[in-house]
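Below are the chains, spelled out letter by letter.
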Amino acid sequence: MTTTERIGVWNQLVGQEPAVETLSTAASAAAKIVAGEPAPPGAMTHAWLLTGPPGSGRSVAARTFAAALQCSTGTGCDACPGCHTTMAGTHADVRLVVPEGLSISVAEMRALVQAAARRPTTGHWQVVIIEDADRLTEGASNALLKAVEEPPDRTVFLLCAPSDHPEDVSVTIRSRCRLVTLRTPPPEAIAGVLMRRDGVDAERAQWAASVCGGHVGRARRLATDEAARQRRATVLRIPLGLRRPSDVFTCADQLISAAEADAGEASKGRDENERNELRTAMGGDGIGKGVGGAKRAAEAAVKQLEKKQKSRATRTQRDTLDLALVDLVGFYRDVLVTATGSGATLNHPDHAAQIAEAASSWTLESTLRRLEAVLECREAIDLNVKPRIAVEAMVTTLRQG
């Protein structure tokens, strides 16, 4: 199935023709199973693991496949109620697990597995989509494993993770899933979807596609958000901006502040709406006799919600900071490419002059030390080192080389 032949919900996937072929074939087989007709052996199974680099569209692929499974025609037509409600996230038989904190707890997974054991109510299948399955705790993985080993009839589990490595997904869960690997979308495919779906002009779409590192969501953000473009420019000024010892703390503060601001912007409106809706649902805004207990219960629930929101903000901040660190990794990688004359495509072609300046000033060894410092910073933050401490240590090495 080529890009031009794609129809319906499959148009959501950018540059993923092999995955579309596999998933659409499975959806057609699933439709035959629902109709009581013989289906090709092995085409459809109860557990899937969708892997791929950040921005490749793992969660989009999972939701698209879910829509095709719930589709009235079995093809992912994008016209029936099954497709529309699944893509909108409102289908009664499609459960989406998005970790709002740093991990997915065992209690959350047990409740999900219990709900998934029910028969579909309005759709053809009970579909469970677990985004960032690599964030499952050990207990949550064990709870999920029991369901995957003995799957309920008409239940499908779709797991999304960066890879099928044991550090991301346990070997036992991996062995019970069918693997679909997504690739990094080519720049021309990303530019095309930005122009077609988001109305971005050709020049900006091509620029965003060339600097996003194959991350479709990042490309859309850079193409449509001036603040995102400014944050990227600030990050890429750091390598050549570390001239004085005091610059270490200034640049570290810029990285941390930008991540905090991005997390704040993403959470502010949503957090307030959630608190108001919770108070209203529990009667915390009522007046008159007998509402004291409701108010106390509502306030207690709001405190629990605020704890959850704080955890979500921490995750958003770390994810935003990680994107900045990936940009820095790309810069030092580009310096190595330029210094060695390999001719490989640059991650930051719009900063080619600064990259050439760095390549002529630094040795290959010092560039590698800088790149390793950024990678070590990412690992330290992943191990729960305080971001400011990890970033300041990294920037000190970036200055010293």
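The structure displayed is predicted, hence computed values, not measured ones.

**Q** Can you help me understand helix α8 (residues 202-211) in this one?
**A** Because an α-helix completes one turn every 3.6 residues, residues spaced three or four positions apart along the sequence face the same direction. Buried residues of α8: A205, A208, A209 and V211, and no others. Residues of α8 that are buried sit in contact with α7 (187-198), α9 (216-224) and α10 (226-236). Capping of α8 at its N-terminal end is provided by D201; its side-chain oxygen lies 3.2 Å from the backbone amide nitrogen of E203. Phi for G213, located one or two positions after α8, is positive at around 70°.

**Q** Hey, could you run me through the environment of R63 in this one?
**A** Here R63 lies in helix α2 (residues 58-70). A residue is classified by how much of its surface remains accessible, and R63, at 23% relative accessible area, is partly exposed.

**Q** For this particular structure, what's the right way to read the sheet that holds strand β1 (residues 47-51)?
**A** Note: strands within a sheet are paired through backbone hydrogen bonds, in either parallel or antiparallel orientation. Strands sit in the order β2-β3-β4-β1-β5 across an open sheet of five strands; the sheet is parallel. If you trace the sheet from one side to the other, it starts and ends with β2 (94-97) and β5 (178-181), each paired once. Geometrically, the sheet is characterised by an average inter-axis angle of 15° between neighbouring strands, direction not taken into account. Looking at chain direction, strand β3 (residues 126-130) and strand β4 (residues 155-161) are connected through five bridges and run parallel. If you follow V127 over to β4, its bridge partner there is V156. Packing of helix α5 (residues 138-149) onto the sheet brings it into contact with β1, β3 and β4, and relative to β4 it is tilted by some 135°.

**Q** Mind showing me how you'd approach unusual backbone geometry here?
**A** As a rule of thumb, non-glycine residues mostly have phi less than zero, and peptide bonds are mostly trans rather than cis. Phi at D132 is positive, roughly 50°, even though this residue is not glycine. Overall, the relative accessible area of 14% leaves D132 in the buried class. The backbone phi angle of N384 is positive, close to 75°, even though this residue is not glycine. Position of N384 among the secondary structure elements: in the loop between α15 (364-382) and α16 (387-400).

**Q** Please clarify how the nonpolar core should be interpreted in this entry.
**A** Grouped together as the largest cluster of nonpolar side chains are 37 residues, with contacts concentrated most on L255, L328, V391 and M394. Elements with a minimum of two residues in this core: α10, α11 (238-241), α12 (245-281), α13 (292-340), α14 (352-361), α15 and α16. Ranked by residues supplied to this core, first place goes to α13 with 10 residues.

**Q** Is there a simple way to think about the packing of aromatic side chains in this case?
**A** All told, the structure shown has three aromatic pairs when counted by the stated rule. Their ring planes at 75° and their centres at 5.1 Å tell us that W48 and F65 sit as a pair that is edge-to-face. Of the two residues, W48 sits in strand β1 while F65 sits in helix α2, which places them 17 residues apart along the sequence. Classification of W48 as buried rests on a relative accessible area of 0%. The class of F65 is buried, set by a relative accessible area of 0%. Between F331 and Y332 the ring centres are 5.8 Å apart and the planes differ by 85°, which places this aromatic pair in the edge-to-face class. A residue is classified by how much of its surface remains accessible, and F331, at 0% relative accessible area, is buried. The structure contains a cluster of three or more aromatic residues connected by ring pairs, namely F331, Y332 and W362. Positioned over the ring face of W125 is R154, at 5.5 Å from the centre of the ring. Between R370 and the ring centre of W362, over which it is positioned, the NZ or CZ distance is 4.1 Å.

The rules we used
Residues numbered from 1 in each chain as written. Predicted model: local features only at pLDDT ≥ 70, side-chain atom pairs only at ≥ 80, totals over all residues. Heavy atoms only, no water. Buried < 20%, exposed > 50% of the residue type's maximum accessible area, 1.4 Å probe, protein only. Helix = DSSP H or I, 4+ residues; strand = E, 2+ residues; numbered from the N terminus. Contact = heavy atoms within 4.5 Å. Polar contact = N/O pair within 3.5 Å; in protein donor to acceptor, adjacent residues only side chain to side chain. Pairing = 2+ DSSP bridges. Axes fitted to C-alpha atoms, helices over the stretch in contact; angles between N-to-C directions. Core = buried A, V, L, I, M, F, W, Y, C linked by side-chain atoms within 4.5 Å. Phe/Tyr/Trp six-rings, centres within 6.5 Å; stacked < 30°, edge-to-face > 60°. Lys NZ or Arg CZ within 6 Å of the ring centre and 35° of its normal.

On their own, these measurements won't tell you what the molecule is for.
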